[in-house]
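Residue-level listing of the chains:
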Amino acid sequence: AYTLRRFGTTTLAQVVAPAIELAEDGTTFVPTIQEVIAHYADRIRESEFLGNTFLANGLDPFPPDHVYRQRALADTLRRLARHGVEDFYSGAIADRIAADMAANGGYVSKLDLALVHVTENVPVRGRYRGLEAVAFPEPGGGEILIDALQILDTFPPELLREDTVDRLHLLLETMNLAFHMPHDN
């Protein structure tokens, strides 16, 4: 919503309309998500909401062709479209979040939501093979990514083209070096 206000040319309602449609109409789970749900099914069952959302009858993982719909999300997005994002941080949605947190041992209060503010960060920039690389700064790890790209830039591009053990070794060592380089935080 902040970015939309600052740079956008449409309304919040227009921006969230495709997400509302997707939440209403649904989609099938990709195999990776099915595996995660199956792995955590016992924990998911502990929450009535999560169980009813991610498990058939709140008990077992859905079959692979199940169409997953998120009507509660669609309702929330519709409310945001009507009332604005302030509703999430200080309105009725904030009330519901705070009540759910209190009822389930969570730590987020309505005051916490009201204190959320956007901070614009200057992106981290670097070069890679003649191109400008732009990444999200700390806490996003962009400095590490830019450093890794600049290290990789010193190696012949052929070393990165084929899926080999040498390529994997180069990538791992590059990330290790970039991770341990000093970065301003």
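Residues numbered from 1 in each chain as written. Predicted model: local features only at pLDDT ≥ 70, side-chain atom pairs only at ≥ 80, totals over all residues. Heavy atoms only, no water.

Draft legend 1. Structural detail: the nonpolar core. V16, I20, A23, A74, L77, L80 and I93 form the largest nonpolar core, which has 7 residues in total. Elements that contribute at least two residues to this core include exactly α2 (12-25) and α6 (71-83). (Core = buried A, V, L, I, M, F, W, Y, C linked by side-chain atoms within 4.5 Å. Buried < 20%, exposed > 50% of the residue type's maximum accessible area, 1.4 Å probe, protein only. Helix = DSSP H or I, 4+ residues; strand = E, 2+ residues; numbered from the N terminus.)

Draft legend 2. Expanded view of the pairing of strand β5 (residues 124-128). The pairing of β5 with strand β6 (residues 131-135) spans 5 bridges and is antiparallel. Across the sheet, R127 pairs through a bridge with E132, a residue of β6. (Pairing = 2+ DSSP bridges.)

Draft legend 3. Just the environment of P31, in detail. Position of P31 among the secondary structure elements: in helix α3 (residues 31-39). Taking the relative accessible area as the measure of exposure, P31 reaches 54% and is therefore exposed. Considered as a pair, P31 and P63 are 32 residues apart in the sequence and their alpha carbons are 11 Å apart.

Draft legend 4. Fine view of the packing of α2 against α6. One can describe the packing of α2 onto α6 by two numbers: an axis separation of 8 Å at closest approach and a directional angle of 170°. With respect to α6, the element α2 is oriented roughly antiparallel. When the axes of α2 and α6 are compared, the crossing they make is left-handed. Each of L12, A13, V16, A19, I20, A23 and E24 in α2 lies in contact with α6, whose residues at this interface are R71, L73, A74, D75, L77, R78, L80 and A81. Residue composition of the contact of α2 with α6, by class: 11 nonpolar, no polar and 4 charged. (Axes fitted to C-alpha atoms, helices over the stretch in contact; angles between N-to-C directions. Parallel < 35°, antiparallel > 145°, perpendicular 65-115°, else oblique. Left-handed = near helix turned anticlockwise from the far one by under 90°. Contact = heavy atoms within 4.5 Å. Nonpolar A, V, L, I, M, F, W, Y, C, P; charged D, E, K, R; others polar.)

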